[in-house]
Amino acid sequence: MNGQDLLNRLKEDKIENLWVTYHDYNGRACAKTIPKSRFAEVVEGGVVFARANLNFGIDDHMAADGIWQAQTGDFLALPDPDAYWKLPYLDKTAIALCNMLTEEYQPFDGCPRQILRRTLSLFAERDMAITAALEAEFSLFAKTDDGDVTPCRAGGMFTLAGLNQFADFLQDIVATLEAMGIQVEQMGKEYGASQFEFSVRYDAPLAAADRYLISKEVTRALALQRGLIASYMPKPFTDLAGNGLHANLGLWDRRAGGNLLAGGGADNPLSEIGRQFVGGLLAHAPGLCGLGAPTVNSYKRLQPASWAPAHIAWGLGNRGVLLRVPDGNKRCRVEYRAGDNTCNPYFFLTALLAAGWDGLRKKADPGAPFNDEDVGHFSAAESGARGIRFLPRSLPAALDALEKDEILMSALAPVAGREFLKVKRLELETYNLTVHPWERQMYLEAP
Ligand code: GLU
Ligand code: MG
(Lines give C-alpha, C1' and ligand atoms only; values in the text may rest on other atoms or scores of the structure.)
(Ligands and ions follow the chains in the order given, each with its own letter.)
Protein backbone atom coordinates (compact mmCIF):
# COMPACT_ATOMS: atom_id res chain seq x y z
CA MET A 1 0.00 0.00 0.00
CA ASN A 2 1.12 3.57 -0.59
CA GLY A 3 -0.05 6.84 0.93
CA GLN A 4 -2.94 7.20 -1.50
CA ASP A 5 -4.08 3.63 -0.75
CA LEU A 6 -4.04 4.47 2.94
CA LEU A 7 -6.15 7.58 2.35
CA ASN A 8 -8.60 5.46 0.36
CA ARG A 9 -8.76 2.90 3.16
CA LEU A 10 -9.40 5.62 5.75
CA LYS A 11 -12.28 6.82 3.62
CA GLU A 12 -13.72 3.37 2.95
CA ASP A 13 -13.51 2.51 6.63
CA LYS A 14 -15.23 5.82 7.50
CA ILE A 15 -12.46 6.67 9.95
CA GLU A 16 -12.60 9.97 11.80
CA ASN A 17 -9.74 9.45 14.26
CA LEU A 18 -6.37 8.04 13.30
CA TRP A 19 -4.03 7.05 16.12
CA VAL A 20 -0.59 7.79 14.75
CA THR A 21 1.60 5.56 16.87
CA TYR A 22 5.24 4.72 17.51
CA HIS A 23 6.87 2.53 20.17
CA ASP A 24 9.41 4.13 22.44
CA TYR A 25 12.53 2.52 23.88
CA ASN A 26 10.47 1.12 26.76
CA GLY A 27 8.26 -0.65 24.22
CA ARG A 28 5.40 1.69 25.11
CA ALA A 29 2.92 2.62 22.40
CA CYS A 30 2.91 6.43 22.11
CA ALA A 31 0.38 8.17 19.93
CA LYS A 32 -1.52 11.25 18.93
CA THR A 33 -5.02 11.04 17.59
CA ILE A 34 -5.48 12.92 14.32
CA PRO A 35 -8.84 14.18 13.09
CA LYS A 36 -10.12 13.45 9.62
CA SER A 37 -9.47 16.99 8.38
CA ARG A 38 -5.70 16.38 8.64
CA PHE A 39 -5.46 12.85 7.21
CA ALA A 40 -4.02 13.90 3.85
CA GLU A 41 -1.44 16.16 5.45
CA VAL A 42 -0.35 13.53 8.00
CA VAL A 43 -0.21 10.60 5.59
CA GLU A 44 2.14 12.65 3.46
CA GLY A 45 4.11 14.57 6.08
CA GLY A 46 3.81 12.70 9.37
CA VAL A 47 3.12 13.91 12.90
CA VAL A 48 5.63 15.83 14.96
CA PHE A 49 6.97 14.37 18.23
CA ALA A 50 9.92 15.60 20.31
CA ARG A 51 13.07 13.52 19.88
CA ALA A 52 13.48 13.93 23.62
CA ASN A 53 10.48 11.60 24.09
CA LEU A 54 12.86 8.74 23.30
CA ASN A 55 15.01 9.61 26.30
CA PHE A 56 12.10 9.25 28.72
CA GLY A 57 11.73 6.24 30.98
CA ILE A 58 8.55 4.33 31.68
CA ASP A 59 7.83 6.63 34.65
CA ASP A 60 8.00 9.69 32.35
CA HIS A 61 11.30 10.97 33.71
CA MET A 62 13.92 12.01 31.21
CA ALA A 63 17.46 10.62 31.26
CA ALA A 64 19.55 13.68 32.13
CA ASP A 65 22.47 12.43 30.03
CA GLY A 66 20.33 11.60 26.97
CA ILE A 67 21.37 13.12 23.65
CA TRP A 68 17.83 14.20 22.90
CA GLN A 69 16.73 17.04 25.13
CA ALA A 70 14.35 20.01 25.09
CA GLN A 71 16.46 21.78 22.47
CA THR A 72 17.11 18.88 20.04
CA GLY A 73 14.02 19.21 17.89
CA ASP A 74 11.59 16.70 16.52
CA PHE A 75 11.11 13.56 14.53
CA LEU A 76 8.21 12.95 12.21
CA ALA A 77 6.08 9.86 12.73
CA LEU A 78 4.97 8.85 9.25
CA PRO A 79 2.13 6.29 9.13
CA ASP A 80 3.23 3.09 7.41
CA PRO A 81 0.41 2.21 4.98
CA ASP A 82 1.19 -1.47 5.56
CA ALA A 83 0.72 -1.09 9.31
CA TYR A 84 -2.83 0.24 9.43
CA TRP A 85 -5.73 -1.34 11.35
CA LYS A 86 -9.29 -0.25 11.91
CA LEU A 87 -10.11 -0.81 15.59
CA PRO A 88 -13.44 -2.69 15.60
CA TYR A 89 -14.15 -1.96 19.26
CA LEU A 90 -13.95 1.82 18.91
CA ASP A 91 -16.13 4.09 16.87
CA LYS A 92 -14.63 5.36 13.58
CA THR A 93 -11.08 4.88 14.90
CA ALA A 94 -7.98 3.33 13.36
CA ILE A 95 -4.35 2.94 14.33
CA ALA A 96 -1.27 3.25 12.14
CA LEU A 97 2.24 2.33 13.21
CA CYS A 98 4.90 4.72 11.99
CA ASN A 99 8.37 5.04 10.64
CA MET A 100 10.32 7.89 12.19
CA LEU A 101 11.87 10.47 9.88
CA THR A 102 14.05 13.50 10.49
CA GLU A 103 12.56 16.91 9.87
CA GLU A 104 14.27 16.75 6.47
CA TYR A 105 12.26 13.58 5.66
CA GLN A 106 15.30 11.32 5.92
CA PRO A 107 15.29 8.03 7.85
CA PHE A 108 15.90 8.80 11.53
CA ASP A 109 18.69 6.78 13.21
CA GLY A 110 16.69 6.39 16.39
CA CYS A 111 13.72 4.64 14.69
CA PRO A 112 13.25 1.07 16.03
CA ARG A 113 11.42 -0.17 12.92
CA GLN A 114 14.12 1.26 10.67
CA ILE A 115 16.80 -0.44 12.77
CA LEU A 116 15.09 -3.82 12.39
CA ARG A 117 14.84 -3.31 8.62
CA ARG A 118 18.56 -2.63 8.43
CA THR A 119 19.46 -5.95 10.09
CA LEU A 120 16.96 -7.78 7.89
CA SER A 121 18.65 -6.43 4.81
CA LEU A 122 21.82 -8.37 5.76
CA PHE A 123 19.89 -11.60 5.32
CA ALA A 124 18.11 -10.40 2.20
CA GLU A 125 21.44 -9.58 0.57
CA ARG A 126 22.39 -13.23 0.99
CA ASP A 127 19.03 -14.37 -0.35
CA MET A 128 17.82 -15.45 3.03
CA ALA A 129 14.43 -14.60 4.47
CA ILE A 130 13.47 -14.63 8.12
CA THR A 131 10.10 -15.51 9.58
CA ALA A 132 9.17 -14.68 13.13
CA ALA A 133 6.30 -15.58 15.43
CA LEU A 134 5.95 -14.03 18.86
CA GLU A 135 4.09 -16.02 21.51
CA ALA A 136 2.96 -13.84 24.37
CA GLU A 137 1.78 -14.85 27.81
CA PHE A 138 -0.30 -12.53 29.98
CA SER A 139 -2.09 -12.62 33.33
CA LEU A 140 -5.63 -11.53 33.89
CA PHE A 141 -6.41 -9.46 36.97
CA ALA A 142 -9.50 -7.92 38.52
CA LYS A 143 -9.39 -4.67 40.47
CA THR A 144 -10.20 -4.88 44.16
CA ASP A 145 -12.08 -2.26 46.19
CA ASP A 146 -8.88 -1.08 47.90
CA GLY A 147 -7.39 -0.19 44.49
CA ASP A 148 -5.18 -3.28 44.32
CA VAL A 149 -5.48 -6.18 41.87
CA THR A 150 -6.26 -9.84 42.33
CA PRO A 151 -5.56 -12.66 39.84
CA CYS A 152 -8.60 -14.06 38.01
CA ARG A 153 -7.90 -17.62 39.04
CA ALA A 154 -9.32 -19.35 36.00
CA GLY A 155 -9.14 -23.19 36.08
CA GLY A 156 -6.04 -25.34 35.88
CA MET A 157 -3.43 -25.33 33.17
CA PHE A 158 -4.74 -25.86 29.66
CA THR A 159 -8.13 -26.79 31.04
CA LEU A 160 -11.38 -26.39 29.25
CA ALA A 161 -12.67 -25.01 32.54
CA GLY A 162 -10.15 -22.17 32.22
CA LEU A 163 -11.30 -21.41 28.68
CA ASN A 164 -14.91 -21.71 29.68
CA GLN A 165 -14.65 -19.18 32.45
CA PHE A 166 -13.33 -16.50 30.11
CA ALA A 167 -14.69 -17.81 26.81
CA ASP A 168 -16.43 -14.57 25.95
CA PHE A 169 -13.27 -12.51 26.49
CA LEU A 170 -10.92 -14.94 24.75
CA GLN A 171 -13.16 -15.47 21.76
CA ASP A 172 -13.75 -11.76 21.48
CA ILE A 173 -9.96 -11.31 21.20
CA VAL A 174 -9.67 -13.91 18.46
CA ALA A 175 -12.67 -12.56 16.53
CA THR A 176 -11.52 -8.95 16.86
CA LEU A 177 -8.03 -9.75 15.65
CA GLU A 178 -9.38 -11.83 12.78
CA ALA A 179 -11.61 -8.92 11.78
CA MET A 180 -8.47 -6.79 11.74
CA GLY A 181 -6.71 -9.30 9.50
CA ILE A 182 -4.49 -10.69 12.26
CA GLN A 183 -4.66 -14.43 12.44
CA VAL A 184 -4.44 -15.94 15.91
CA GLU A 185 -2.94 -19.42 15.70
CA GLN A 186 -4.06 -20.44 19.16
CA MET A 187 -5.13 -19.13 22.49
CA GLY A 188 -4.92 -21.11 25.68
CA LYS A 189 -5.18 -21.13 29.43
CA GLU A 190 -1.49 -21.35 30.29
CA TYR A 191 0.40 -23.06 33.10
CA GLY A 192 -0.12 -20.37 35.72
CA ALA A 193 -3.30 -19.47 37.61
CA SER A 194 -4.82 -16.49 35.78
CA GLN A 195 -2.38 -16.91 32.89
CA PHE A 196 -3.26 -17.06 29.18
CA GLU A 197 -1.24 -17.19 26.00
CA PHE A 198 -1.87 -16.32 22.38
CA SER A 199 0.24 -16.74 19.31
CA VAL A 200 -0.18 -14.84 16.10
CA ARG A 201 0.70 -16.53 12.81
CA TYR A 202 4.33 -16.19 11.74
CA ASP A 203 5.25 -13.46 9.32
CA ALA A 204 8.22 -11.41 8.17
CA PRO A 205 9.82 -9.96 11.33
CA LEU A 206 8.61 -6.38 10.94
CA ALA A 207 5.03 -7.48 10.37
CA ALA A 208 5.32 -10.04 13.20
CA ALA A 209 6.42 -7.32 15.64
CA ASP A 210 3.70 -4.93 14.41
CA ARG A 211 0.98 -7.55 14.75
CA TYR A 212 2.16 -8.66 18.15
CA LEU A 213 2.04 -5.06 19.41
CA ILE A 214 -1.44 -4.53 18.01
CA SER A 215 -2.63 -7.82 19.51
CA LYS A 216 -1.32 -6.77 22.89
CA GLU A 217 -3.30 -3.53 22.68
CA VAL A 218 -6.43 -5.43 21.65
CA THR A 219 -6.19 -7.84 24.62
CA ARG A 220 -5.73 -4.90 26.96
CA ALA A 221 -8.59 -2.91 25.51
CA LEU A 222 -11.01 -5.87 25.56
CA ALA A 223 -10.01 -6.72 29.14
CA LEU A 224 -10.60 -3.11 30.18
CA GLN A 225 -14.07 -3.19 28.63
CA ARG A 226 -14.84 -5.97 31.13
CA GLY A 227 -13.25 -4.14 34.06
CA LEU A 228 -10.22 -6.46 33.95
CA ILE A 229 -6.51 -5.91 33.41
CA ALA A 230 -4.50 -7.98 30.94
CA SER A 231 -1.01 -7.65 32.40
CA TYR A 232 2.15 -8.42 30.49
CA MET A 233 4.38 -7.88 33.51
CA PRO A 234 7.06 -10.61 33.49
CA LYS A 235 6.48 -11.74 37.08
CA PRO A 236 3.44 -10.01 38.51
CA PHE A 237 3.30 -11.98 41.77
CA THR A 238 5.93 -14.01 43.60
CA ASP A 239 3.78 -17.13 43.59
CA LEU A 240 2.38 -16.87 40.05
CA ALA A 241 3.93 -18.09 36.83
CA GLY A 242 5.96 -15.59 34.85
CA ASN A 243 4.80 -14.14 31.54
CA GLY A 244 7.23 -14.77 28.73
CA LEU A 245 7.47 -13.69 25.12
CA HIS A 246 8.86 -16.57 23.14
CA ALA A 247 10.38 -15.59 19.81
CA ASN A 248 10.25 -18.27 17.11
CA LEU A 249 12.59 -17.68 14.21
CA GLY A 250 12.74 -19.40 10.85
CA LEU A 251 15.43 -18.96 8.21
CA TRP A 252 14.55 -19.61 4.56
CA ASP A 253 16.19 -19.71 1.18
CA ARG A 254 14.53 -16.78 -0.59
CA ARG A 255 14.91 -18.23 -4.06
CA ALA A 256 14.36 -21.94 -3.61
CA GLY A 257 12.11 -21.53 -0.56
CA GLY A 258 13.80 -24.29 1.46
CA ASN A 259 14.17 -24.24 5.25
CA LEU A 260 17.80 -23.30 5.91
CA LEU A 261 17.71 -24.35 9.54
CA ALA A 262 16.68 -27.90 8.72
CA GLY A 263 18.92 -30.55 7.33
CA GLY A 264 20.38 -32.85 9.94
CA GLY A 265 19.02 -36.25 10.96
CA ALA A 266 16.10 -37.18 13.23
CA ASP A 267 18.03 -36.68 16.46
CA ASN A 268 19.87 -33.62 15.13
CA PRO A 269 17.50 -31.74 12.83
CA LEU A 270 19.63 -28.61 12.47
CA SER A 271 21.62 -27.96 9.33
CA GLU A 272 25.12 -26.53 9.55
CA ILE A 273 23.62 -23.06 9.04
CA GLY A 274 21.11 -23.84 11.76
CA ARG A 275 23.87 -24.84 14.15
CA GLN A 276 25.78 -21.66 13.42
CA PHE A 277 22.67 -19.53 13.89
CA VAL A 278 21.98 -21.17 17.26
CA GLY A 279 25.68 -20.82 18.14
CA GLY A 280 25.44 -17.06 17.53
CA LEU A 281 22.34 -16.75 19.72
CA LEU A 282 24.07 -18.63 22.53
CA ALA A 283 27.26 -16.57 22.23
CA HIS A 284 25.32 -13.32 22.54
CA ALA A 285 22.82 -14.58 25.13
CA PRO A 286 24.00 -12.30 27.98
CA GLY A 287 23.69 -9.12 25.90
CA LEU A 288 20.39 -10.27 24.38
CA CYS A 289 18.87 -10.20 27.86
CA GLY A 290 19.52 -6.45 28.01
CA LEU A 291 17.10 -5.97 25.10
CA GLY A 292 14.73 -8.91 25.50
CA ALA A 293 14.29 -8.80 29.27
CA PRO A 294 14.87 -5.13 30.04
CA THR A 295 13.25 -4.52 33.44
CA VAL A 296 14.19 -5.35 37.03
CA ASN A 297 11.10 -7.52 37.16
CA SER A 298 12.30 -9.58 34.18
CA TYR A 299 14.94 -11.23 36.37
CA LYS A 300 12.37 -12.41 38.89
CA ARG A 301 10.97 -14.46 36.02
CA LEU A 302 14.24 -15.82 34.64
CA GLN A 303 14.73 -18.26 37.49
CA PRO A 304 16.05 -21.82 37.39
CA ALA A 305 13.48 -24.60 37.13
CA SER A 306 10.61 -22.32 36.11
CA TRP A 307 10.44 -23.11 32.37
CA ALA A 308 11.71 -19.60 31.91
CA PRO A 309 15.41 -20.05 31.22
CA ALA A 310 18.20 -19.14 33.60
CA HIS A 311 20.94 -21.16 31.88
CA ILE A 312 22.55 -20.64 28.47
CA ALA A 313 21.84 -23.94 26.75
CA TRP A 314 19.95 -25.33 23.78
CA GLY A 315 18.06 -28.52 23.11
CA LEU A 316 15.52 -30.28 20.96
CA GLY A 317 12.00 -30.07 22.25
CA ASN A 318 13.29 -29.12 25.72
CA ARG A 319 11.35 -26.44 27.64
CA GLY A 320 14.07 -26.10 30.25
CA VAL A 321 16.59 -24.49 27.90
CA LEU A 322 17.13 -21.00 26.49
CA LEU A 323 16.88 -22.12 22.85
CA ARG A 324 14.47 -24.84 21.92
CA VAL A 325 14.33 -26.45 18.49
CA PRO A 326 10.74 -27.65 18.67
CA ASP A 327 9.67 -29.32 15.50
CA GLY A 328 12.36 -31.52 14.07
CA ASN A 329 12.99 -31.35 10.38
CA LYS A 330 9.57 -30.57 9.07
CA ARG A 331 8.99 -27.06 10.42
CA CYS A 332 12.41 -26.68 11.97
CA ARG A 333 12.70 -23.33 13.75
CA VAL A 334 14.42 -21.88 16.78
CA GLU A 335 12.51 -20.70 19.83
CA TYR A 336 14.30 -18.18 22.02
CA ARG A 337 12.65 -18.30 25.47
CA ALA A 338 14.26 -15.56 27.58
CA GLY A 339 12.41 -12.52 26.18
CA ASP A 340 9.42 -10.92 27.83
CA ASN A 341 6.76 -8.38 26.97
CA THR A 342 8.57 -5.41 28.51
CA CYS A 343 10.87 -5.31 25.47
CA ASN A 344 10.65 -3.13 22.43
CA PRO A 345 10.12 -6.02 19.97
CA TYR A 346 11.84 -4.21 17.09
CA PHE A 347 15.01 -3.95 19.16
CA PHE A 348 14.59 -7.47 20.50
CA LEU A 349 14.23 -9.01 17.03
CA THR A 350 17.07 -6.85 15.71
CA ALA A 351 19.33 -8.16 18.45
CA LEU A 352 18.31 -11.80 17.95
CA LEU A 353 18.94 -11.57 14.23
CA ALA A 354 22.24 -9.73 14.64
CA ALA A 355 23.34 -12.48 17.04
CA GLY A 356 22.26 -15.20 14.61
CA TRP A 357 23.96 -13.39 11.74
CA ASP A 358 27.17 -13.14 13.74
CA GLY A 359 26.93 -16.88 14.31
CA LEU A 360 26.75 -17.47 10.54
CA ARG A 361 29.67 -15.13 9.93
CA LYS A 362 31.85 -16.77 12.56
CA LYS A 363 30.61 -20.31 11.93
CA ALA A 364 29.76 -20.53 15.62
CA ASP A 365 29.51 -23.94 17.24
CA PRO A 366 26.58 -24.32 19.63
CA GLY A 367 28.02 -27.46 21.21
CA ALA A 368 25.91 -30.46 22.06
CA PRO A 369 22.18 -30.02 22.68
CA PHE A 370 20.59 -30.83 26.03
CA ASN A 371 17.70 -33.03 25.00
CA ASP A 372 16.99 -35.30 27.92
CA GLU A 373 17.72 -33.26 31.01
CA ASP A 374 16.04 -30.22 32.53
CA VAL A 375 19.01 -27.88 32.80
CA GLY A 376 16.81 -25.63 34.93
CA HIS A 377 17.50 -28.03 37.78
CA PHE A 378 21.28 -27.98 37.38
CA SER A 379 23.07 -26.44 40.35
CA ALA A 380 25.75 -23.82 39.82
CA ALA A 381 28.41 -26.48 40.35
CA GLU A 382 26.80 -28.91 37.91
CA SER A 383 26.31 -26.17 35.33
CA GLY A 384 29.95 -25.15 35.68
CA ALA A 385 31.11 -28.73 35.29
CA ARG A 386 29.05 -29.10 32.08
CA GLY A 387 30.29 -25.78 30.69
CA ILE A 388 26.89 -24.08 30.93
CA ARG A 389 26.88 -20.38 31.80
CA PHE A 390 24.01 -18.60 33.50
CA LEU A 391 22.08 -15.79 31.88
CA PRO A 392 22.57 -12.45 33.64
CA ARG A 393 20.90 -12.69 37.04
CA SER A 394 19.81 -9.03 37.23
CA LEU A 395 19.05 -6.03 35.06
CA PRO A 396 22.36 -4.24 35.80
CA ALA A 397 24.27 -7.37 34.77
CA ALA A 398 22.21 -7.64 31.57
CA LEU A 399 22.69 -3.98 30.65
CA ASP A 400 26.43 -4.26 31.27
CA ALA A 401 26.55 -7.37 29.06
CA LEU A 402 24.66 -5.53 26.32
CA GLU A 403 26.98 -2.54 26.52
CA LYS A 404 30.00 -4.81 26.11
CA ASP A 405 28.48 -6.69 23.18
CA GLU A 406 29.85 -4.90 20.13
CA ILE A 407 27.72 -6.86 17.67
CA LEU A 408 24.44 -6.03 19.37
CA MET A 409 25.41 -2.44 20.03
CA SER A 410 26.44 -1.94 16.43
CA ALA A 411 23.10 -3.39 15.26
CA LEU A 412 21.51 -0.50 17.18
CA ALA A 413 24.16 2.05 16.22
CA PRO A 414 24.78 4.90 16.03
CA VAL A 415 22.40 6.15 18.72
CA ALA A 416 19.57 3.83 19.73
CA GLY A 417 21.64 1.32 21.73
CA ARG A 418 23.37 4.01 23.76
CA GLU A 419 20.19 5.93 24.45
CA PHE A 420 18.34 2.74 25.32
CA LEU A 421 20.98 2.01 27.98
CA LYS A 422 20.59 5.49 29.43
CA VAL A 423 16.82 5.15 29.69
CA LYS A 424 17.09 1.74 31.32
CA ARG A 425 19.78 2.82 33.75
CA LEU A 426 17.57 5.69 34.82
CA GLU A 427 14.83 3.13 35.56
CA LEU A 428 17.32 1.10 37.57
CA GLU A 429 18.39 4.12 39.57
CA THR A 430 14.77 4.84 40.52
CA TYR A 431 14.34 1.22 41.57
CA ASN A 432 17.49 1.31 43.66
CA LEU A 433 16.36 4.47 45.42
CA THR A 434 12.88 3.14 46.18
CA VAL A 435 12.18 1.42 49.49
CA HIS A 436 10.14 -1.66 48.61
CA PRO A 437 7.50 -3.29 50.89
CA TRP A 438 9.75 -6.35 51.27
CA GLU A 439 12.35 -4.20 53.00
CA ARG A 440 9.90 -3.04 55.67
CA GLN A 441 8.75 -6.62 56.11
CA MET A 442 12.34 -7.70 56.76
CA TYR A 443 13.93 -4.80 58.52
CA LEU A 444 11.31 -2.65 60.24
CA GLU A 445 11.93 -4.23 63.60
CA ALA A 446 15.17 -5.99 62.83
CA PRO A 447 17.81 -6.86 63.69
N1 GLU B 1 5.72 -19.13 31.51
C2 GLU B 1 7.00 -19.60 31.04
C3 GLU B 1 7.91 -18.38 30.82
O4 GLU B 1 7.85 -17.49 31.57
C5 GLU B 1 6.88 -20.41 29.77
C6 GLU B 1 6.00 -21.60 29.85
C7 GLU B 1 5.86 -22.28 28.49
O8 GLU B 1 5.02 -21.85 27.71
O9 GLU B 1 6.66 -23.15 28.16
O10 GLU B 1 8.66 -18.28 29.90
MG1 MG C 1 3.71 -20.54 27.04
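Quantities reported herein were computed from a predicted structural model and do not represent experimental measurements.

> Any chance you could break down the pattern of salt bridges for me, citing the residues and the numbers?
Counted by the stated rule, this structure contains 26 salt bridges. Its salt-bridge partner being Glu-41, residue Arg-38 comes within 3.4 Å of it at the nearest N-O pair. By relative accessible area, Arg-38 is classed as partly exposed at 30%. Each of the salt bridges in this network shares a partner with another, and the network as a whole consists of Asp-80, Arg-113, Arg-117 and Asp-210.

> Give me the lowdown on the coordination of the magnesium ion (ligand 2), citing residues and values where you can.
For the magnesium ion (ligand 2), every protein donor is listed as Glu-137 (OE), Glu-190 (OE) and Glu-197 (OE), and the spread of their distances is 2.0 to 2.2 Å. Along the chain, the residues donating to the magnesium ion (ligand 2) are arranged with the sequence spacing E-x52-E-x6-E. Relative accessible area serves as the criterion here: at 5%, Glu-190 is assigned to the buried category.

> Give me the lowdown on the packing of helix α3 (residues 112-125) against helix α10 (residues 345-362), citing residues and values where you can.
To characterise two packed helices, one gives the angle between the axes of the helices and the distance between these axes. One way to put it is that α3 packs onto α10 with a least axis distance of 9 Å and a crossing angle of 20°. Of the possible angle classes, the one that applies to α3 and α10 is roughly parallel. The hand of the α3/α10 crossing is left-handed. Across the interface between the two elements, Pro-112, Arg-113, Ile-115, Leu-116, Thr-119, Leu-120, Leu-122 and Phe-123 from α3 touch Tyr-346, Phe-347, Leu-349, Thr-350, Leu-353, Ala-354, Trp-357 and Leu-360 from α10. Classifying every residue of the contact of α3 with α10 gives 13 nonpolar, 2 polar and 1 charged.

> Give me the lowdown on the side chain of Asn-318, citing residues and values where you can.
Looking at the element boundaries, Asn-318 is found in the loop between β14 (314-316) and β15 (323-325). For Asn-318, the side chain forms a polar contact with the main-chain oxygen of Phe-370, separated by 2.9 Å. In terms of polar contacts, Asn-318 uses its side chain to reach the backbone carbonyl oxygen of Glu-373, at 2.9 Å. The residues touching Asn-318, leaving out its near neighbours within four places in the chain, are Arg-324, Phe-370, Asn-371 and Glu-373.

Rules of the game
Residues numbered from 1 in each chain as written. Chains lettered and ligands numbered in written order. Predicted model: local features only at pLDDT ≥ 70, side-chain atom pairs only at ≥ 80, totals over all residues. Heavy atoms only, no water. Salt bridge = Lys/Arg side-chain N within 4 Å of Asp/Glu carboxyl O. Buried < 20%, exposed > 50% of the residue type's maximum accessible area, 1.4 Å probe, protein only. Donors = N, O, S within 2.8 Å, 3.2 Å for Na, K, Ca; no water. Axes fitted to C-alpha atoms, helices over the stretch in contact; angles between N-to-C directions. Helix = DSSP H or I, 4+ residues; strand = E, 2+ residues; numbered from the N terminus. Parallel < 35°, antiparallel > 145°, perpendicular 65-115°, else oblique. Left-handed = near helix turned anticlockwise from the far one by under 90°. Contact = heavy atoms within 4.5 Å. Nonpolar A, V, L, I, M, F, W, Y, C, P; charged D, E, K, R; others polar. Polar contact = N/O pair within 3.5 Å; in protein donor to acceptor, adjacent residues only side chain to side chain.

Honestly, it's all geometry; don't read function into it.
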